[in-house]
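Spelled out from the first residue to the last, the chains are:
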Amino acid sequence: MSLLRIDRRSLRIRLLAWLSGIALLVTGLTWLLHGILLNDLARDFLGERLEREADHAIEQLRRDHLATARVLDSASRGFAIFHHLYVLRLGDEVSASHPRWQEALLPLLSSDESLAEVREAGQHLLVFRQPFTLDDQQGVLLIGEDFSQVEAGLHRLHWWVGGIAASLLLLLVVLNLLAVSRGMVPLSRLRHQLGELQAGKRDRLSLDVPSELDSLVGQLNRFMDEIDGRLQRSRESVANLSHALKTPLAAVIQVLRGSRPIDAARRQRLEERLEEIHAQLDVELRRSRIAGPNAGRLADPCRDANRLIEMFRTLYPAKRFTLEIAEGTGQRIPIESQDLSEMIGIVLDNAGKWANQEVHCEIGLQGGLTLRVEDDGPGVAEDDLARLGERGWRLDEAHPGYGLGLSILNQLLKRYAGKVRFGHSALGGLSVEIHVPFTLDAA
């Protein structure tokens, strides 16, 4: 039973079903149209032949110039040659090749229809009506042929064509199956690569895929690059945190394990060590909050900036954070959301620590992302501006941190070919201006 089970979610089954359904629909419509057109073609062909034979018979009657009785007799013999039935009206006299046709076809003598179909006594007749004039007498000639035999032949031919079409349809389904299976090979290869990626046998997906999958594979590879970069930064942060906590923890453990009594002075030093550990842990927790939850998504500058401003207003309640967003900034940009959050968060956190009362942030999209953060703090000396962003270098050891924030900012900007410029703020403190180039069409 498992062999007969069909997975309706399978792309191969869906493609095969659609292709086979379309092929069946086209073949069926073609076969139906073939039957209709074949019947019309045969009707028109026989109608033209009956017309030529009617013209020939009338011409023969005009050349004979016989009396009416002899005309009818001559016509009877002439029509017998063509093996067709006829009804002839000349003046007030009506003659027919057989008495039963005279009654059956009599209504057509007064009709205006040149070619008509009549069903009589199980026969399907195709009758052509030709009016004429003979010796100043108006006449009408009806000449007909049994269409039943032709119809039966057409019916057999139509079903033969249907059988051939069904065979071709089956062949087409098989070819579709082979084509779909062949077309699915790149997806099978991609699935195999994903399995190797999960097993740790490869670190990137191959770009040797159909052009329709280029964007997917490229996005997956970029996402893995972002994860690897974030993992590397996390490892570096943990390593630095471990190194930073090792000394104060060792001092605390030594005091607790020692035999000397803990007096007020030692208790104060112990509390200072613990406060330092708490401050360092708080910095790392704050950085994790800055990163945000939107991994793998395009950045929304308005959303991310507002979220971070609200967060830093909570972290630094004594400071006033203001945000100015330029017109036309409310759209997604081709920067990974967590990366943008870290860029903005690092600069705002640095400004929040050093500002006296006010931090101002401006965001705009002019030839890319432009971010400017200014504070009213003590600022940075001209000689020290060039050193900002060096890994591990801190301007003031009294403030908690590791000197890594601005160096991480430089790493993030390097990934997006961005730049950062440090200067003096109009508020009196430090001004940090970030520019990340991109085109909005790429977003």
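Within an unreviewed UniProt entry, the label attached to the protein chain reads histidine kinase, and the organism entered is Halomonas alimentaria. Word for word, the UniProt comment on the protein chain under Catalytic activity (unreviewed entry) is "ATP + protein L-histidine = ADP + protein N-phospho-L-histidine." Per its UniProt entry, the protein chain bears the Subcellular location (unreviewed entry) comment "Membrane".

Here we come to the overall build of the protein chain. Of regular secondary structure, the protein chain possesses 11 helices and 12 strands. Here the protein chain holds 443 residues, and the buried ones make up 39% of them. Within the protein chain, counting contacts between residues at least 6 apart in sequence, those at least 24 apart form 61% of the total.

Next up on the list: a negative patch on the surface. A contiguous patch of negative charge on the surface is contributed by Asp40, Asp44, Glu48, Glu51 and Asp55. Inspection of the secondary structure puts Asp55 in helix H1 (residues 11–64). You can call Asp55 partly exposed: its relative accessible area is 38%.

It is worth spelling out the sheet that holds strand E12 (residues 430–437) at this point. Overall, mixed pairing links the five strands, which are arranged E7-E9-E10-E12-E11 in an open sheet. Only two strands of the sheet have a single neighbouring strand rather than two, namely strand E7 (320–325) and strand E11 (419–424). Ignoring which end each strand starts from, the neighbouring axes of this sheet average 15° apart. Sitting on the sheet, helix H8 (residues 301–315) touches E7 and strand E9 (358–365), and the angle it makes with E7 is about 170°.

Strand order in the open sheet made by the five strands is E2-E1-E5-E4-E3, with antiparallel pairing throughout. Two strands close off the open sheet at either side, each with one partner strand: strand E2 (93–96) and strand E3 (115–120). Across the sheet, the mean angle separating the axes of adjacent strands is 20° when strand polarity is ignored. Where strand E4 (residues 123–134) meets strand E5 (residues 137–146), 10 bridges bridge the pair, whose relative direction is antiparallel. Of the residues in E5, the one forming a bridge with Leu134 is Gln137.

Next up on the list: the nonpolar core. Formed by 40 residues in total, the largest nonpolar core has its most connected members in Ile335, Leu348, Leu369 and Val436. Elements with a minimum of two residues in this core: H8, strand E8 (333–336), helix H9 (337–354), E9, strand E10 (368–375), helix H11 (405–415) and E12. Looking at which element gives the most residues to this core, the answer is H9, with seven residues. Residues contacting Val436, with those up to four places away along its chain left out, are Ile335, Met343, Gly367, Gly368, Leu369, Leu413, Tyr416 and Gly418.

On to helix H5 (residues 185–199). In this model, H5 (15 residues) spans 21 Å end to end at C-alpha, consistent with the 21 Å of a helix rising 1.5 Å per residue. Turning to H5, its buried residues number three or more, namely Pro186, Leu190, Gln193 and Glu196. End-on, the buried residues of H5 take up no more than an arc of 115°, which puts them together on one face. When the buried face of H5 is taken as reference, the exposed residues oriented beyond 90 degrees from it are Arg191, His192, Gln198 and Ala199. Looking one or two residues past H5, Gly200 carries a phi angle of roughly 85°, positive in sign.

So, on to the confidence of the model for the protein chain. Of the residues in the protein chain, 80% have a pLDDT of 70 or more, and the chain-wide mean is 77. Here residues 78–83 is a poorly scored stretch, pLDDT under 50, and it has seven contacts once near neighbours within four places are set aside; other chains count.

With that settled, consider H9. Here H9 contains 18 residues, and its C-alpha end-to-end distance of 26 Å stays within 8% of the 26 Å for a straight helix at 1.5 Å per residue. Of all 18 residues in H9, 17 are buried; the element is thus mostly enclosed.

So, about the environment of Arg387. Residue placement: Arg387 occurs in the loop between helix H10 (382–385) and H11. Residues Arg387 and Phe422, spaced 35 residues apart in sequence, show a C-alpha to C-alpha distance of 10.0 Å.

Mapped onto the elements, Ser111 comes out in the loop between helix H3 (99–105) and E3. There is a polar contact of 3.1 Å between the side chain of Ser111 and the backbone nitrogen of Glu113.

The subject of this paragraph is the pairing of strand E1 (residues 85–90). Of all six residues that make up E1, five are buried, and the element is covered over most of its length. With six bridges joining them, E1 and E5 adopt antiparallel strand pairing. Pairing of Tyr86 across the sheet is with Ile143, part of E5. Looking at chain direction, E1 and E2 are connected through four bridges and run antiparallel. By the bridge assignment, Val87 is partnered in E2 with Ala96. Count of turn residues in the E1/E2 antiparallel hairpin: two residues, of which Gly91 carries a positive phi of about 70°.

Below, the discussion takes up the pattern of salt bridges. A full pass over the atoms with the stated rule returns eight salt bridges. The shortest N-O distance in the salt bridge between Arg320 and Glu358 comes to 3.2 Å. One end of the pair, Arg320, is in strand E7; the other, Glu358, is in strand E9, with 38 residues separating them in the sequence. The partly exposed category is assigned to Arg320, whose relative accessible area is 47%. In this structure, Arg372 engages Glu433 in a salt bridge whose closest nitrogen and oxygen atoms are separated by 3.4 Å. Within this pair, whereas Arg372 is found in strand E10, its partner Glu433 is found in strand E12, the two being separated by 61 residues in sequence.

For the rest of this paragraph, the subject is the packing of aromatic side chains. Under the criterion given, the structure shown has four aromatic pairs. With 6.1 Å between their ring centres and 25° between their planes, Phe312 and Phe321 make a pair best called stacked. For the pair Phe312 and Phe321, one class covers both residues: buried.

Rules and cut-offs
- Residues numbered from 1 in each chain as written.
- Predicted model: local features only at pLDDT ≥ 70, side-chain atom pairs only at ≥ 80, totals over all residues.
- Heavy atoms only, no water.
- UniProt positions renumbered as here; feature names shortened; annotations may be inferred.
- Helix = DSSP H or I, 4+ residues; strand = E, 2+ residues; numbered from the N terminus.
- Buried < 20%, exposed > 50% of the residue type's maximum accessible area, 1.4 Å probe, protein only.
- Contact = heavy atoms within 4.5 Å.
- Patch = residues over 30% accessible without salt bridge, like charges linked within 9 Å, V, L, I, M, F, W, Y side chains within 5 Å.
- Areas by Shrake-Rupley, 256 points an atom, 1.4 Å probe, with all protein chains shown as cover.
- Salt bridge = Lys/Arg side-chain N within 4 Å of Asp/Glu carboxyl O.
- Lys, Arg positive; Asp, Glu negative; His and termini not counted.
- Charge placed at Lys NZ, Arg CZ, Asp CG, Glu CD.
- Pairing = 2+ DSSP bridges.
- Axes fitted to C-alpha atoms, helices over the stretch in contact; angles between N-to-C directions.
- Core = buried A, V, L, I, M, F, W, Y, C linked by side-chain atoms within 4.5 Å.
- Expected span 1.5 Å × (residues − 1).
- Arc of directions from axis to C-beta.
- pLDDT = per-residue confidence, 0-100.
- Polar contact = N/O pair within 3.5 Å; in protein donor to acceptor, adjacent residues only side chain to side chain.
- Phe/Tyr/Trp six-rings, centres within 6.5 Å; stacked < 30°, edge-to-face > 60°.

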